[in-house]
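Structural features, examined
Here is how the chains run, residue by residue.
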Amino acid sequence: METQVHRNYLSRLAFTGDAAEARYQTVNLLARALCPIKGVRSFATFQVRIVSISETGAVLQARNITSLTDHFYLCLGQFEIVLTCTRMKRQEGSLFVRFSKPEESSFIRALAMVDFPLTTLQRLRGHSSRGIQRRITQPGMNI
């Protein structure tokens, strides 16, 4: 039996299977993808659209989807919610990503209920479900 050596915990994500099939919900959210630049202590920023999301991952679309690195941060709002992601597969202009840790179902359901993609999380503060409120008031929980 062959064992695979992984450089870090994000590398292991691509090789671990889900215990149950992920249930994706259709969404239409704009987000930023922050990709670390190799050899430089800075990030490249790309605008992406989240078209489906589950507790364990998301499906992204963008014009420059091939430019995203293997590991990156998905930022919602003005960096109020940051999700650590790893690239899983690219298919028909979409990129399937996995989160570094599963998100709460209530948070995913709340994001799926946002009906206007340009709505900022700041505008949602006080008017959104508790799932989003909890994440907005605890920034940086997933970095």
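Given the structure is predicted, the values throughout are model-derived calculations rather than measurements.

Whether parallel or antiparallel, the strands of a sheet pair through hydrogen bonds between backbone atoms. A barrel is described by the order of its strands in space; here six strands give the closed sequence β1-β2-β3-β6-β5-β4, paired in antiparallel fashion. Mean inter-strand twist for the sheet, computed between neighbouring axes without regard to direction, equals 45°. Bridge analysis of strand β1 (residues 25–36) against strand β4 (residues 71–76) gives three bridges, and the strand direction is antiparallel. When the sheet's bridge partners are listed, Ala 33 is paired in β4 with Leu 74. The strands touched by helix α2 (residues 105–112) are β1, β2 (43–53), β4 and β5 (81–91); relative to β1, the strand with the most contacts, the crossing angle is about 105°.

Here we come to the pairing of β2. Looking at chain direction, β1 and β2 are connected through ten bridges and run antiparallel. The residue bridging Leu 30 from the neighbouring strand is Arg 49, located in β2. Here β1 folds back onto β2 in antiparallel fashion, the turn holding six residues, of which Gly 39 has a positive phi close to 80°. Relative to strand β3 (residues 57–61), β2 is paired through four bridges, and the arrangement is antiparallel.

Definitions and limits used
- One numbering rule holds for all chains: residues counted from 1, following each sequence as written.
- Local features in this predicted model are restricted to residues of pLDDT 70 or higher, and side-chain atom pairs are both shown and tallied only at a pLDDT of 80 or more, whereas totals for entire chains, interfaces and linings draw on every residue.
- Excluded from the side-chain calculations are hydrogens and water; all other atoms, namely the structure's heavy atoms, are used.
- Here a strand pair is declared whenever DSSP counts at least two bridges between the two strands.
- Numbering goes from the N terminus for both helices and strands, where a helix is a DSSP run of H or I of at least four residues and a strand is a run of E of at least two.
- Comment: axis = line fitted to C-alpha atoms, over the contacting stretch for helices; angle = value between 0 and 180 degrees taken between N-to-C directions.
- Note on definitions: a residue-residue contact is assigned when non-hydrogen atoms from the two residues lie within 4.5 Å.

These results come straight from atomic positions and should not be treated as a statement about function.
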